[in-house]
Amino acid sequence: MGTQGPNAVLGLDEPAARDARIAGSKAACLAEAIRAGFPVSPGFVIPAASADHRVEPTRDAWADLSDRGRLPLVVRSSSTIEDTSGSSMAGRFRSVTGVLGWDAYADACAAVDRSGRSVDPAAPMAILVQREVASARGGVLFGVDPVTGARDHLVVESLAGSPADVVSGTAIAERIAIGRHGRLRRSEGVGACAIGRRDRRRLARMGTGLERVFGGPQDVEWSIDPDGRLWLLQSRPVTAVGEATAAEGPVFGPGPVGETFPEPLAPLEVDLFLEPMRLGMIEALHAVGVVPRRRIEASPVLMTVGGRVAADLELLGWSRGRRHALAILNPAPPLRHLAAAWHVGRLRASLPGLVEDLVRATDASLRAVPELRTLDDRELVSVIGSVRRQLIAVHGHQILAGMLLPSADDRTSAATLAMPAVAARRRAGEADEAIVSRVPPVLALVPPRVGPPGSLPPVRVTPGDPSP
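Residues numbered from 1 in each chain as written. Predicted model: local features only at pLDDT ≥ 70, side-chain atom pairs only at ≥ 80, totals over all residues. Heavy atoms only, no water.

The grouping of L372, L380 and I384 at the surface amounts to a nonpolar patch, some 240 Å² of accessible area in total. With respect to the helices, strands and loops of the structure, I384 is situated in helix α9 (residues 377-404). Residue classification places I384 among the partly exposed residues on the basis of a relative accessible area of 41%. (Patch = residues over 30% accessible without salt bridge, like charges linked within 9 Å, V, L, I, M, F, W, Y side chains within 5 Å. Areas by Shrake-Rupley, 256 points an atom, 1.4 Å probe, with all protein chains shown as cover. Salt bridge = Lys/Arg side-chain N within 4 Å of Asp/Glu carboxyl O. Helix = DSSP H or I, 4+ residues; strand = E, 2+ residues; numbered from the N terminus. Buried < 20%, exposed > 50% of the residue type's maximum accessible area, 1.4 Å probe, protein only.)

Shown next, in the form of structure tokens:
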């Protein structure tokens, strides 16, 4: 584009535009990206060293770029102190989009210049002017995970329309992680990933290519126009990165207890229900004998997070991954497992009889409990203690069954028994409260709670269907 008048107007494709001392960091990065072959919208720079009244000498450059005011422009700051490896200064300076006509252009340049002086009067401010890119989808691309610092993938945040809302944080964007060749790792948006495979690959090439050009991971602003062309709007070093740390200790999750406690527990419910389940799990783990006692004793086994119940999943058989190769040389685990296998075989064979005895004893214990409103405090505490012991046994056998009995599609579950019973009783006109109190298997459909029982789920059973 060359120079015009006493004030230089530098085209982004000119060598001088790559000098951040003259063109500012933002424009210099884009000029460097143009030389490397990246798709950058055409534009020019009003250098930082120009005089205060510097707009009029750029009239010819403005006319060429905007087709004499018929095409919209974007006027942006390009300070020598922004978009550096030490600080991005993002959002501190003014940018004006949708600039049409000479007067609007002059006003936009003045506004950008004033924003630079208000932040640091001593810092030279260049003004970057580009043809505005119509955006069908846009966003930001991080060449390193800004939360964990991981370098094996890139993070993309995007939404339909202009990337300005993503950059400003005023809109909720879809967030995805992609491999360095564009393969989707994960998506945190709602529904399917909105960025297709082709665009993910193009974004990955852009991110990794800019990293090679500038010598480090970049924070990239990008846009895809209605014709499907990908544009680079801005590239600057990533200045704030978290640190990835290796997780240590047991891994907790709902696992097999999520069905029993699907909702958060109130504090009183935690006191009543959590400890019996924990003790039952410990008894089951000791009975199986596969997990060393010291490992069980070192774990809380069961805990709550925000009222939700979570179990130590590794104790219950979940594995993080492959064991270390040197573990093969240790004979203790195989020998321990061999002894446990013999014990488990006997336990599995006797489990149905044990469960039958437990059910019979539990039913008898529950039938012996009088109406609670007839009990005084001492009697109520005694009942709670008795029920607590029964719960420990029930939970322990429940965990044993889950660990020892093979799963099978035709195995009858409590829910399979409960749903036809609910349907039949409802057809007979019984209320849900009466059904819960008279049909014990129905309790499998109602999570434990203090207070009135929860409502039963809607059940519709087709006549003759054995597995509703």
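The next point concerns the pattern of salt bridges. Summed over the entire model, instances satisfying the criterion amount to 24 salt bridges. Across the salt bridge formed by R70 and D67, the nearest N and O atoms sit 3.2 Å from each other. Note on R70: relative accessible area 57%, which makes it exposed. Judged by relative accessible area, which is 36%, D67 ranks as partly exposed. Linking D312 and R295 is a salt bridge whose minimum nitrogen-to-oxygen distance equals 3.1 Å. Placement of D312 in strand β14 (residues 308-312) and of R295 in helix α7 (residues 293-297) is noted, with a sequence separation of 17 residues between them.

Let's shift gears to the environment of L285. Secondary-structure assignment places L285 in helix α6 (residues 267-288). Relative accessible area serves as the criterion here: at 1%, L285 is assigned to the buried category.

What follows deals with the environment of L316. Note that L316 resides in the loop between β14 and α8 (332-367). Residues in contact with L316, not counting those within four places in the same chain, are P256, M281, L285, A311 and I399. (Contact = heavy atoms within 4.5 Å.)

Below, the discussion takes up the packing of helix α1 (residues 20-35) against helix α5 (residues 197-214). For any two helices packed against each other, one specifies the crossing angle of their axes together with the interaxial distance. At a minimum axis separation of 11 Å, α1 and α5 run at an interaxial angle of 105 degrees. As the angle between them shows, α1 and α5 are arranged roughly perpendicular. Facing C29, E32 and A33 of α1, the residues of α5 in contact are L210, V213 and F214. (Axes fitted to C-alpha atoms, helices over the stretch in contact; angles between N-to-C directions. Parallel < 35°, antiparallel > 145°, perpendicular 65-115°, else oblique.)

V45, V156, M206, L210, W222 and L232 are the most contacted members of the largest nonpolar core, which totals 26 residues. Contacts of L210, omitting those with residues within four sequence positions, involve A33, F38, G215, G216, Q218, V220, L232 and S235. Core analysis: the next-biggest nonpolar cluster, separate from the first, contains 23 residues, F273, I282, V288 and V291 among them. (Core = buried A, V, L, I, M, F, W, Y, C linked by side-chain atoms within 4.5 Å.)

We now examine the confidence of the model for the protein. When pLDDT is averaged across the protein, the result is 79; 78% of the residues are at 70 or more. Scored below 50 in pLDDT, residues 85-90 shows 14 contacts in the model against residues more than four places distant or in partner chains. Overall, residues 321-336 carries pLDDT values under 50, and its contacts beyond four positions in sequence, including any with other chains, amount to 4 contacts. (pLDDT = per-residue confidence, 0-100.)

Let us look at α6. In this model, α6 (22 residues) spans 31 Å end to end at C-alpha, consistent with the 32 Å of a helix rising 1.5 Å per residue. In the structure, α6 departs most strongly from a straight axis at F273, where the bend amounts to approximately 30 degrees and where the proline P276 lies between one and four residues downstream. Among the residues of α6, E269, V270, F273, L274, P276, M277, G280, M281, I282, A284, L285 and V288 are the ones counted as buried. Following α6 by one or two positions, G289 has its phi on the positive side, about 80 degrees. (Expected span 1.5 Å × (residues − 1). Bend = angle between axes of the 7 residues up to and from the residue.)

Mapped onto the secondary structure, S365 falls in helix α8. With residues up to four places along the chain from it excluded, the contact list for S365 reads S386 and Q390.

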